[in-house]
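Structure at a glance
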Amino acid sequence: MAEEVRGPDTTALDEVVAFTSELIRIDTTNRGGGDCRERPAAEYVAERLAAAGIEPTLLERTPGRANVVARIPGTDPSADALLVHGHLDVVPADPAEWTVHPFSGEVRDGVVWGRGAVDMKNMDAMVLAVVRGWARQGVRPRRDIVLAYTADEEASAEDGSGFLADRHADLFEGCTEGISESGAFSFHPEPGTTLYPIGAGERGTAWLKLTAHGRAGHGSKVNTANAVTRLAEAIARIGAHTWPVRLTATVRAALTELASVYGIDTDPRAPDFDVDLFLDKLGPAAALVEPTVRNSTNPTMLDAGYKVNVIPGQAVAYVDGRTLPGTDEEFAATMDLLTGPHVEWEFHHREAALEAPVDSPTFARLRAAVERFDPDGRVLPFTMSGGTDAKQFSRLGITGYGFSPLRLPPGLDYGALFHGVDERVPVDALHFGVRVLDHYLRSA
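So, here is what we can say about the structure in this document. Everything numeric in this text was worked out from a predicted model, so none of it was measured.

On to helix H10 (residues 361-373), then. In this model, H10 (13 residues) spans 19 Å end to end at C-alpha, consistent with the 18 Å of a helix rising 1.5 Å per residue. On its buried face, H10 sits against strand S7 (175-180), strand S9 (193-202), strand S17 (378-384), strand S18 (399-402) and helix H13 (427-443).

Okay, here's the thing in structure tokens:
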């Protein structure tokens, strides 16, 4: 009991800053072509776990694409285990666009700068600082905690969580729940209001490849079977399509919480509930739920032709599709209509949507951990518009929550920092995260 009151020591607060900065300096850029090398970052983590008496295991599907897994035994052998996971790879960053070099890890004016500062080397560092602090203090959690630092989350996860779930499921024995990125960050929609959305769902991933076929020919001739034209028409229809509203249990719970925060007399469960009208009343807070009340399809890449005066016989495009639970048949039927008779479509990458219960003891503990350190903040569940490694670990029966706590100052747009320019995290936010994680993980 004494350790719970004491919380993290000053060394843990110092280490989280150093670890975040030093991990950022290890360039683990994942461009999706298989050339990323997470091993140096994995070795960095493994060395610091081993120094704290926690035995790490390094695992690779592809040379250089390393993952780290370790288990911390709990005091209650009958309790289910908890998975805490974070990825080591990051998306590309162009130094010419940044205020500081994206892989400098510079700490300036109380802020750590660099690619991965919020996605998600900060969480990697917070977890590392917490468990090393436990080793110094002699703390053991109630339940076994399995740590997983993964490769390849920013692409297919084939070398990361997918590989671990498929080939090393034994390392996650007993795990029923997990926490990871994209949740419990502070959001300030207006002065005096602080919201903490905790991830309790993810839209499914439905990346698509579209292929249009036509008649090849000279660019100067009339061609009514032009593959590029056919593809462009399909892409235009897809980009302009408005998907129907489909509210999941998690989204309805978020809307109910927001109605309470703003004193709006409405019931999101009512048959005549108008979500678009309700979102208009929320102002900036609508951004937390607006991307997740519908499926979505956004064209992202085009590939056609090889010479300006040659009409190609084939044209290809890619679409980033995201789906809500229970909409798979509707999604496929709609894509058949939007692409038309001359364009074929197929899944380039597919992952199912996730939902975690928000009326569970786990969510209540996550809420309580945040409110302990910011009692004026309002916690609400939300569905992530994108996806995380939780999708891969769900194949092992692990229910995932987005919980990487940060208390950010008003004006610092957490969402814009993800994959954005000048990604950064305040030192105070890292300290807040360490305190919240320490409190939650000790008794989870």
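What follows picks up the thread again.
Every regular strand shows the same layout, with side chains that alternate between the two sheet faces. Burial of strand S10 (residues 204-213) is extensive: seven of the 10 residues sit out of reach of the surface. Bridge count between S10 and strand S14 (residues 314-323): 10 bridges; the pairing is antiparallel. Bridge pairing in S14 links lysine 209 to tyrosine 318. With eight bridges joining them, S10 and strand S15 (residues 343-351) adopt antiparallel strand pairing. If you follow threonine 211 over to S15, its bridge partner there is glutamate 344.

For any two aromatic rings, the description comes down to two numbers: the centre-to-centre distance and the angle of the planes. This model, assessed by the stated rule, comprises 12 aromatic pairs. Ring centres 6.4 Å apart and planes at 15 degrees place the aromatic pair phenylalanine 331 and phenylalanine 347 in the stacked group. With a gap of 16 residues between them, phenylalanine 331 in helix H9 (residues 328-339) and phenylalanine 347 in strand S15 connect regions that are remote in the sequence. Measuring from centroid to centroid gives 5.3 Å for tryptophan 345 and phenylalanine 347, while their planes differ by 90 degrees, and the two rings are edge-to-face. Accessibility expressed as a relative area gives 36% for phenylalanine 347, which makes it partly exposed. Each residue in the set Phe185, Phe382, Tyr414 and Phe418 is aromatic and connected to the rest through ring pairs, giving one cluster. One Lys or Arg, arginine 48, reaches over the ring of tyrosine 44 and ends 3.5 Å from the middle of that ring.

Parameters at a glance
Residues numbered from 1 in each chain as written. Predicted model: local features only at pLDDT ≥ 70, side-chain atom pairs only at ≥ 80, totals over all residues. Heavy atoms only, no water. Helix = DSSP H or I, 4+ residues; strand = E, 2+ residues; numbered from the N terminus. Expected span 1.5 Å × (residues − 1). Contact = heavy atoms within 4.5 Å. Buried < 20%, exposed > 50% of the residue type's maximum accessible area, 1.4 Å probe, protein only. Pairing = 2+ DSSP bridges. Phe/Tyr/Trp six-rings, centres within 6.5 Å; stacked < 30°, edge-to-face > 60°. Lys NZ or Arg CZ within 6 Å of the ring centre and 35° of its normal.

Function cannot be read off these values alone, since they describe shape.
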